[in-house]
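Notes for the structure review
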Amino acid sequence: MTNTLTMDKPDVRNRLDAMAQGIIGAPLDRPEGPLKVVGTATYASEWQLPDMAYGVFARATVPAGKVASIDREAVLAMPGVLAIHDDPRMLVNPAQGGAGKKPLQDIREIHYFGQTVALVVAETFEQATAAAKALKVEYAAPDDASVFDPESSAATVEHGPDTQRVQTGDLDKAMADAAFSVDVTYTTAGHASAAMEPHASIASWQGDQLTLRGSLQMLNYNVAELADSLAVGQSQVRILSPYVGGGFGSKLGVGEDSVAAAIASRELGRPVRVDMSRQQVFETVMRRSETRQRLRLAARADGVLTGIGHECLVSNLPGEQYAEPVTQATEFLYGGENRMLSVDVARIVRLCAGSVRAPGEAVGMQALESAMDELAEKVGIDPVELRKRNIPAIDPSQGTPYSSNTLAKCLDAGAARFGWDQRQTQTCATREGEWWIGMGVASAARVHKLVEASARVTLASDGTVKVETDMTDIGTGTYAVLGQIAGEMLGTPIEKVSVCLGDSALPAGPGSGGSWGAASSGSAVFLACEQIRQALAKKFQGDEEALSLKDGIARLGEASAMVVDLVAGKPIVGEGTIKPGETSKATRQASYGAFFAEVAVNAYTGETRVRRMTGAFGIGRVLNEKTATSQCYGGMTWSIGSALTEELAFDLRDGHLVNHDLAEYHVPVNLDVPALEVVFVEERDPHASPIQAKGVGELGICGGAGAIANAIYNACGVRVRDFPMTLDKII
Ligand code: MOS
C-alpha cells in the first residue's frame, strides 16, 4: 500500500533534520553532470533508432486565412520524400498543457504568421528540410483584417480570468487622500523561453503502443495530452524524456513535433524523428506576452501603504485562455486596504502566449518593485525600510496567514552582504571615469505550490537504493536532490543511490513547472523512504521514528543489525504519494527574497553594465546548496536579460517575429553577467511540504530587473519605465 500524505495540517515533525546524516542540503555534484559534459546524456533528437525517417515542418507565410491547396505532387517527386502530412490534429497548443485544451484545432486554419501547416517526411533530415522549403501552399485570405498590435484601438480587449481580479475598498479615494502617491505606467517586452535544447520528438510504434522520445517537462500530463490528440488510450502511450536541455515553460505541454511524429510514424510503419529549428521554436512554440502595467501606490506620511493598484494589459490569440498572471505576487506581498488588481487581454494575431520563466511575477514584480522605489524617494525613506514597513501580518487579499514569510529577513541579510549602507541616497552621486555608479534594491516573491506526486524507492539486498518517478530534470538538479533525500532517510551513501527519471512508465510525478518540482517530488520520495523505514523498524518490533540507519547499520533501542541482513535477499519497496490539502489552501505560500544590484551607466553611450548583484532567498529547506544556488544564478541571469536585453520584436504589418534566434534575441552572455552572490535565509516551512522545502527554480528572476532599474536611476537619475532598458532609453 502506498504511503500517502495529504497536507491537511502542517508537518512539524521535521524528520529530515532528525536523520542527521549530513547528506540533505550538502552541495553535492549532479550525478548526471559528467554524462552531459562528455556527451553521453541522450537528448531527444539524439536517439538512434533503426530505419528512422525524418520530418520537417512547412509553415505559413501569411498571418490569417485558410490553406486553399498544397502542391503535393512536386514535393513527393523530390529525392527521398516519403509523405506529406497535414492531419488537422497535428496542431496543438504547447502553451497550455492539459488534455482537452486545444483552441488551435485545425492545421488548415491559419492562426498566426509562421504557424505549422504540414509535415514533410523523408529518408534523411536534409531531404526533408529541402522538401519542406519547396512545398508550395496556396492560401485563401480571411474575411476581415487582423490586428497585430495590442495597443491598437482596433484590438478587442477582454477581461482576463476572474481569479486574477481583486477589488477591495476605494483606491481612487485612497490616492486622493494619500500623503504620498505614485501613479506610473511600466511596460515590459515579450520574451522567448529560449531553452538551449530545441524541441524534438522521435515516435515509434510497436503494434498499437507508442513510444515517444521527446523533450518535455511534465510527463504524466504529456501522456494524457498526446493520447487525447491521437485519440488513443493513455495506456498506449509511453514518453521518455530522461534529459531535457531547459524548458522554461516551453515544454510544459506536448507540441506539434510530438503529435506529428506519432501520426507520421504510425502511417509509415517506421520511427519518425521531427526536429524543430531554433527559428521554428521561437516562431511557433509560444511567447511571454508583452505587458503594460499601471501601478498606483497610495501611502501615509510614514510610507505605509493605504492602497495598491496594479492594472495590466497583456495579449493572446482570440479564444486562448491563458493570460500572463502579472499581478500574482501583488496580491499578497504588501499591505494596503484599498486594492485594485486586474489583467486584461488584447486579442491579437501573434503566436500563442503562454508560460515562460516565472509567469506573472517575472514581469509583474519588476514593475511593482520599480514603483516602490519611486515611492521611497517621494516619502524620503530608504527603499529597504519602505518595503519592511509594508510587510503585512496576513495576506491582504485572501485574509489568510502566511505559511511563513522571510521577506524582512532576506532584505536584511542581502543588505548586509551587499553593503547597502554604502549606497548614496542622491542620484548622480558617484562617478568613475565615464561611468555613473548606482545601487538598487528589489523584493523577490514567487508563489509556492505543492502538486500531487508519487515515487517508488527500492532498497536492494546489496544495500543499494533506487529512486523511480516520471519526474523530469530540466537542468534543475532533480537527479541530485531526489537521491539526497533517499540517502538521508535511509542512511545510504550517495554513491549507492541511483535515480531514474523521465519515463512515463514510472510513478507519476508533478513534472517540472511552476517551481514545484523539487518540493513535490522530493516529498513523494520522502514518503516512500518512510515506508521502507517502517518495514525495517518492524523487524525490531519497534517504531520508525526510533530507528537509526547509518553506514549500513540499523539500530533501534539496544538492538542493531546490518541493513543487508534485514533485507535478506528480498528488496524492500516503498511507495509514496504527496497530495496538497487543507493547509495548502488555508495558508498563503510563497518563497521570498531580495535583490541588490550595483550598476555602471556610461555617461556618453547610456550603456548599462551590471557590476555585481546579490540575492538573498528564503526557500524553506535548501535540499542541495549547490543546485539551489545554481537555480538562483540562473534566475538572476534571466533578470539581467529582462532588464537590459530580452525583447521579442514583431512586425506590425503581419505579426511575424523578427528576431527569431539567439543571434538577434539577446539573452545575457558571459560578459553581461558579473559574479553573482546568493545567500539563503534558511527556514523550515512546515505547511509547504513534509520536507519543509519550497519553490526555488523561478524565484531568482522575480523582481531582479527592478533592482537593476532602481540602480540605474540611482546612478544617473534616469527613470526608465520601459523594459528592456536599452541604451537609447537612457541616453
Ligand atoms: Mo515554468 S514557466 O512553470 O516551466
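This one's a predicted model, so the numbers in the text were calculated from it and none came from an experiment.

Core analysis: the largest hydrophobic core is formed by 218 residues, its most contacted members being Val-120, Ala-486, Val-525, Phe-596 and Ile-708. Other than its neighbours up to four places away in sequence, Ala-486 contacts Val-457, Val-465, Val-467, Thr-492, Val-497, Val-525 and Cys-529.

This part is about the domain arrangement of the protein. Its domain assignment divides the protein into domain 1 (3-41 + 450-582) and domain 2 (360-448 + 589-730). Here the C-alpha centroids of domain 1 and domain 2 sit 34 Å apart. Taken together, the contact pairs 27 residues of domain 1 with 24 residues of domain 2. Elements that contribute at least two residues to the side of domain 1 that touches domain 2 include exactly helix H12 (478-490) and helix H13 (517-538).

Right, let's talk about the packing of helix H9 (residues 361-379) against helix H17 (residues 704-716) for a bit. Packed helices, taken two at a time, are described by the angle between their axes plus the distance between the axes. At a closest axis distance of 7 Å, the pairing of H9 and H17 adopts a crossing angle of 35°. The chirality of how H9 crosses H17 is right-handed. Mapping the contact onto sequence places Met-365, Gln-366, Glu-369, Ser-370 and Asp-373 in H9 and Ala-705, Gly-706, Ala-709, Asn-710 and Tyr-713 in H17. Of the residues in the contact of H9 with H17, the class split is 4 nonpolar, 4 polar and 2 charged.

Here we have 3 strands laid out as an open sheet, ordered E5-E3-E7, and antiparallel in their pairing. Looking at the sheet topology across the chains shown, the edges are occupied by strand E5 (109-110) and strand E7 (137-140). The pairing of strand E3 (residues 65-70) with E5 spans 2 bridges and is classified as antiparallel. Each bridged residue has a counterpart across the sheet, and for Gly-65 the counterpart in E5 is Ile-110.

The topology assignment puts Ser-443 in strand E19 (residues 435-447). When the 30 C-beta atoms within 10 Å are taken as the criterion, Ser-443 is described as buried. C-alpha of Ser-443 to C-alpha of Ala-594: the two residues are 151 residues apart in sequence and 4.3 Å apart in space. Apart from residues no more than four positions distant in its own chain, Ser-443 is found in contact with Leu-333, Glu-369, Arg-387, Leu-407, Ala-594 and Gly-703.

Cut-offs and rules
- Residues numbered from 1 in each chain as written.
- Predicted model: local features only at pLDDT ≥ 70, side-chain atom pairs only at ≥ 80, totals over all residues.
- Core = buried A, V, L, I, M, F, W, Y, C linked by C-beta atoms within 7 Å.
- Buried ≥ 20, exposed ≤ 12 C-beta atoms within 10 Å, placed from the backbone.
- Contact = placed C-beta atoms within 7 Å.
- Domains from an automatic or database assignment.
- Helix = DSSP H or I, 4+ residues; strand = E, 2+ residues; numbered from the N terminus.
- Axes fitted to C-alpha atoms, helices over the stretch in contact; angles between N-to-C directions.
- Left-handed = near helix turned anticlockwise from the far one by under 90°.
- Nonpolar A, V, L, I, M, F, W, Y, C, P; charged D, E, K, R; others polar.
- Pairing = 2+ DSSP bridges.

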